[in-house]
Amino acid sequence: MSLLNTSERYGSFTKLFHWLIVMLFAWQYMSGNIMTGMQRGELVIGLSQNDYYNWHKSIGLVALAIAVFRLANRYFGQLPNWAPTLTTGEQKFIHRAEQVLYAAMFVMPVTGDIYVMAGGFGVLMFGEWKLYNPIGKNPDIAFWGKWIHIISGWILAAAVLSHILIVLRHQLVMQDGLLWRMLPSRKKE
């Protein structure tokens, strides 16, 4: 299997970056919901609210770095041809949803970082390294960073859900093996 995409199939790098982003986004949604619903002093799975906030911020920055590599991989490779069982409408929808997903890979961590920096919260990367705050405390910037982060999170959730529904429809109803195109296995490629 090729490291980069070819006209016939997705390459190893694309699949790796895809599934890393899936796992990181899943963690971000889970941890974001847990941390915002916790009370001070409460522990969830042995972690405090501060722990969740620090890990959420740290993983967000890791996701941003992976998004940069993912975009570079896409730039240097090519996209495989559309799966033959996708309708023209599905292709158009997938193209737009993919644009939203790529935008979210950058907008979510950047606005989250702007919010915590301008809010004076800062980032303690993985609970160990305090990152420099180039913004300084600015309530107006923090307000906009927070709300753009939250709204784009809901837009991202809708795009991810639609992506999953299309894949499940093809995999379970049409049984055309669409999912195999993005799995690491060579099966049904």
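Residues numbered from 1 in each chain as written. Predicted model: local features only at pLDDT ≥ 70, side-chain atom pairs only at ≥ 80, totals over all residues. Heavy atoms only, no water.

S.K.: For the packing of helix α2 (residues 49-76) against helix α3 (residues 88-118), give the residues involved together with the corresponding values.
M.R.: Contact pair α2 / α3: the axes reach a minimum separation of 9 Å and the direction vectors enclose 145 degrees. Considering how the two elements wind past one another, α2 and α3 form a crossing that is left-handed. Note on element contacts: α3 touches α2 through Glu-98, Tyr-102, Met-105, Phe-106, Pro-109, Val-110, Asp-113 and Val-116, opposite Lys-57, Gly-60, Leu-61, Leu-64, Ala-67, Val-68, Arg-70, Leu-71 and Arg-74. Residues of the contact of α2 with α3, tallied by class, amount to 11 nonpolar, 1 polar and 5 charged. (Axes fitted to C-alpha atoms, helices over the stretch in contact; angles between N-to-C directions. Helix = DSSP H or I, 4+ residues; strand = E, 2+ residues; numbered from the N terminus. Left-handed = near helix turned anticlockwise from the far one by under 90°. Contact = heavy atoms within 4.5 Å. Nonpolar A, V, L, I, M, F, W, Y, C, P; charged D, E, K, R; others polar.)

S.K.: I'd love a proper account of the pattern of salt bridges, names of residues and values included.
M.R.: Under the defined criterion, the tally for this structure stands at 2 salt bridges. The salt bridge involving Glu-98 is made with Arg-74; its shortest N-O contact spans 2.7 Å. Taken together, the residues Glu-98 in helix α3 and Arg-74 in helix α2 connect sequence positions 24 residues apart. In this structure, the salt-bridge partner of Glu-90 is Arg-169, at a minimum N-O distance of 2.5 Å. Residue Glu-90 is found in helix α3, and its partner Arg-169 is found in helix α4 (residues 139-174); the two are separated by 79 residues along the sequence. By relative accessible area, which is 38% here, Arg-169 ends up partly exposed. (Salt bridge = Lys/Arg side-chain N within 4 Å of Asp/Glu carboxyl O. Buried < 20%, exposed > 50% of the residue type's maximum accessible area, 1.4 Å probe, protein only.)

S.K.: Can you break down helix α1 (residues 12-37) residue by residue, with the values?
M.R.: The end-to-end C-alpha distance of α1, which contains 26 residues, comes to 38 Å, matching closely the 38 Å that a straight helix rising 1.5 Å per residue would cover. Residues of α1 that are buried include every one of Thr-14, Lys-15, Phe-17, His-18, Ile-21, Leu-24, Phe-25, Gln-28, Ser-31, Gly-32, Ile-34 and Met-35, and no others. On the buried face of α1, the contacting elements are β1 (43-44), α2, α3 and α4. (Expected span 1.5 Å × (residues − 1).)

S.K.: Go over the side chain of Arg-70 with me, naming the residues and quoting the values.
M.R.: Among the structural elements, Arg-70 can be located in helix α2. Aside from chain neighbours lying at most four places away, what touches Arg-70 is Phe-17, His-18, Ile-21, Tyr-102 and Met-105.

S.K.: Describe a nonpolar patch on the surface, naming the residues involved and giving the relevant values.
M.R.: Together, Val-100, Val-107, Phe-143, Trp-144, Trp-147, Ile-148, Ile-151 and Ile-155 give the surface a local cluster of nonpolar side chains, amounting to about 750 Å² of exposed area. Elements represented by at least two residues in the nonpolar patch include exactly α3 and α4. If one sorts the elements of the nonpolar patch by residue count, α4 sits on top with 6 residues. Relative to the helices and strands, Ile-155 is located in helix α4. (Patch = residues over 30% accessible without salt bridge, like charges linked within 9 Å, V, L, I, M, F, W, Y side chains within 5 Å. Areas by Shrake-Rupley, 256 points an atom, 1.4 Å probe, with all protein chains shown as cover.)

S.K.: Lay out the packing of aromatic side chains in plain terms, naming residues and giving numbers.
M.R.: Working definition: an aromatic ring pair is given by the centre-to-centre distance plus the angle between the planes. Tallying each qualifying case throughout the model produces 7 aromatic pairs. Consider the rings of Trp-55 and Phe-126, whose centres lie 5.0 Å apart with planes at 65 degrees: the pair is edge-to-face. Of the two residues, Trp-55 is situated in helix α2 and Phe-126 in the loop between β3 (124-125) and β4 (129-130); the sequence distance between them amounts to 71 residues. The class for Phe-126 is partly exposed, based on a relative accessible area of 27%. An angle of 85 degrees between the planes, with centres 5.3 Å apart, marks the rings of Phe-143 and Trp-144 as edge-to-face. A relative accessible area of 45% places Phe-143 in the partly exposed class. Since its relative accessible area comes to 56%, Trp-144 is described here as exposed. Within the aromatic cluster, the residues linked to one another by ring pairs are Phe-13, Phe-17 and Phe-69. (Phe/Tyr/Trp six-rings, centres within 6.5 Å; stacked < 30°, edge-to-face > 60°.)

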